[in-house]
Amino acid sequence: MISTFDELPDIDAANVVRCARVLLRRPLLRADGPDGDLLPMIYRQRAALQDVFAGLLGYRLVVERRFARLYKSGPGEDAGRGVESLSPRGYAYFALTLAALTGIGRQVLLSRLVSDVRAAAAEAEIEVADDPADRRALTAALRHLVALGVITETEGSVTAESAAEALITIDTDMLGQLVAGPLAEAEDPQQLVELASAAGPRRIEHAVRRKLIEDPVVLYADLPPEQASWLREHVINESRLLERFFGLVGEARAEGVVVCDPEDYLTDLAFPGPGTVARIALLALPELLDKAEPDSAGRHPVSWQDFADVCQELVDAYPSAWSRAATEDHQDLVRSVIDLLGRLGLLRESDGSWLLSPAAHRWLPQPDATPAQQQRETEPPAPEPPGLSLFDEMEEATR
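Residues numbered from 1 in each chain as written. Predicted model: local features only at pLDDT ≥ 70, side-chain atom pairs only at ≥ 80, totals over all residues. Heavy atoms only, no water.

The helix and strand tally for the chain stands at 17 helices and twelve strands. Burial statistics for the chain: of 399 residues in total, 40% are counted as buried. Counted over contacts in the chain with a minimum sequence separation of 6, partners at least 24 positions apart contribute 65%. Total accessible area on the chain stands at roughly 22500 Å², and carbon and sulfur atoms take up 50% of it. (Helix = DSSP H or I, 4+ residues; strand = E, 2+ residues; numbered from the N terminus. Buried < 20%, exposed > 50% of the residue type's maximum accessible area, 1.4 Å probe, protein only. Contact = heavy atoms within 4.5 Å. Areas by Shrake-Rupley, 256 points an atom, 1.4 Å probe, with all protein chains shown as cover.)

See the structure below:
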């Protein structure tokens, strides 16, 4: 299927799979960044990697000595993923900063860059408020560009202090590779999002395979009819491709496909996880699944009140198990649980309520203790009388 890959020796083929996994996790990989030690290997195997990504996913891969850029499709209307440090305002500033950087050159003072960003905001008719929250959003956008290696703090540092000054150096080569969407073809932001998330040349095949690579759970009910039909017909072959080229394991179910990474390298949000919200979300799943009968796609309808009741029962039953800060505001706790399950892809909103994915059946946890055991104060057990030890037996044998 991929001729360049098929001709490789086993060791080189394994290295291509390793590099492909790194690029899926870090689409903009640079030599001095995380996993940058693999860049020389990616450069050596660039022909095979380009064939794999183009043939299987319709992705373009650019590999240079200093960096590699995998042009993945955007998430479209799915807002469940993103950079945690960037708020919607931060993303707006990120885009405005890119616009400002294109005409500056290789070095600029921070004050000049901030001024140009605000000018770009005014040109785009975006209201700017010079308050602490606004400055934090702009700083978060600049810090993310520093993390990506697009800008470097040559002197001073980027901070939220309005009086701070710094000299910034711009990597124009990296800047030119940053935007994945076809800006010249888009007439407005909405069209840019649509174009960036459009399917590849083999439309149905690439669109479905991209979903399998990027999402841990793909339900037939969530796919357009032609994509769902294609996946049902090719699910076994697709599972083999996922394992052969990307080291992923696909599990076919009646409702869809679950894709797992045995090494957890491509897992961006681990579940179950530590913390009060994650543990309450985990323990709430069995109760929420019993609240109502599933629909034809296997999804269970749940309401806000269902979440509120189950969360309250868990908080009351195990009072000493939770962080006080996380449980003081019950409404906030419920919102946090809903948000976590949504980011995991286990929950989607529907007409003012939610639908719980059939994949939630994978977790049927049991608490470490019952409420009665936790709340009842018991006396410590009486110590047992000492018995014979090995030394007693040895002493007896010598008599």
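Moving on, we get to helix α10 (residues 203-214). The end-to-end C-alpha distance of α10 is 16 Å, a good match for the 16 Å that twelve residues give at a rise of 1.5 Å each. Taken as a whole, α10 has its buried residues at Glu205, His206, Ala207, Val208, Arg209, Arg210, Leu212 and Ile213. (Expected span 1.5 Å × (residues − 1).)

Here Pro272 lies in the loop between β9 (256-260) and α12 (276-289). In this structure Pro272 comes out as partly exposed when scored by relative accessible area, which is 45%. Once the C-alpha coordinates of Pro272 and Leu283 are considered, the two residues, eleven residues apart in sequence, prove to be 9.9 Å apart. In this structure Pro272 touches Leu282 and Trp363, once residues within four positions along its chain are discounted.

Remark: helix α13 (residues 304-317) packs on helix α15 (residues 330-343), axes separated minimally by 10 Å, with the N-to-C direction vectors making an angle of 110°. Considering their axes alone, α13 and α15 lie roughly perpendicular with respect to each other. Remark: the crossing between α13 and α15 carries right-handed chirality. Between α13, through Trp304, Phe307, Ala308, Cys311, Gln312 and Val315, and α15, the contact on the second element is made entirely by His330, Gln331, Leu333, Val334, Arg335, Val337, Ile338 and Leu341. (Axes fitted to C-alpha atoms, helices over the stretch in contact; angles between N-to-C directions. Parallel < 35°, antiparallel > 145°, perpendicular 65-115°, else oblique. Left-handed = near helix turned anticlockwise from the far one by under 90°.)

Glancing now at unusual backbone geometry. Following Phe271, the chain continues into Pro272 via a peptide bond in cis, with omega recorded as 0°. Its identity as a non-glycine residue notwithstanding, Glu125 has a phi of 60°, on the positive side. Along the polypeptide, Glu125 turns up in the loop between α6 (110-123) and α7 (132-148). The residue Asp264 is not glycine, and still its phi comes out positive at about 60°. Relative accessible area serves as the criterion here: at 52%, Asp264 is assigned to the exposed category.

So, about the sheet that holds strand β3 (residues 67-71). Within a sheet, adjacent strands bond to each other through the backbone by hydrogen bonds, running parallel or antiparallel. Spatially, three strands are ordered β1-β3-β2 in an open sheet, and the strand pairing comes out antiparallel. Either end of the sheet is taken by a strand with one partner, and the two such strands are β1 (28-30) and β2 (60-63). Across the sheet, the mean angle from the axis of one strand to that of its neighbour is 5°, orientation sign disregarded. The pairing of β2 with β3 spans four bridges and is antiparallel. Opposite Leu61, over in β3, you have Leu70 as the bridge partner. (Pairing = 2+ DSSP bridges.)

Here we come to the sheet that holds β9. With respect to topology, three strands assemble into an open sheet ordered β7-β9-β8, the strand pairing being antiparallel. A single partner strand is all that each edge strand has here, and the edge strands are β7 (217-219) and β8 (249-252). Across the sheet, the mean angle from the axis of one strand to that of its neighbour is 15°, orientation sign disregarded. Judged from the three bridges that link them, β7 and β9 form a sheet pairing that is antiparallel. Paired with Leu219 across the strands is Gly256, a residue of β9. Strands β7, β8 and β9 of the sheet are contacted by helix α11 (residues 225-246), whose axis makes an angle of about 10° with β9.

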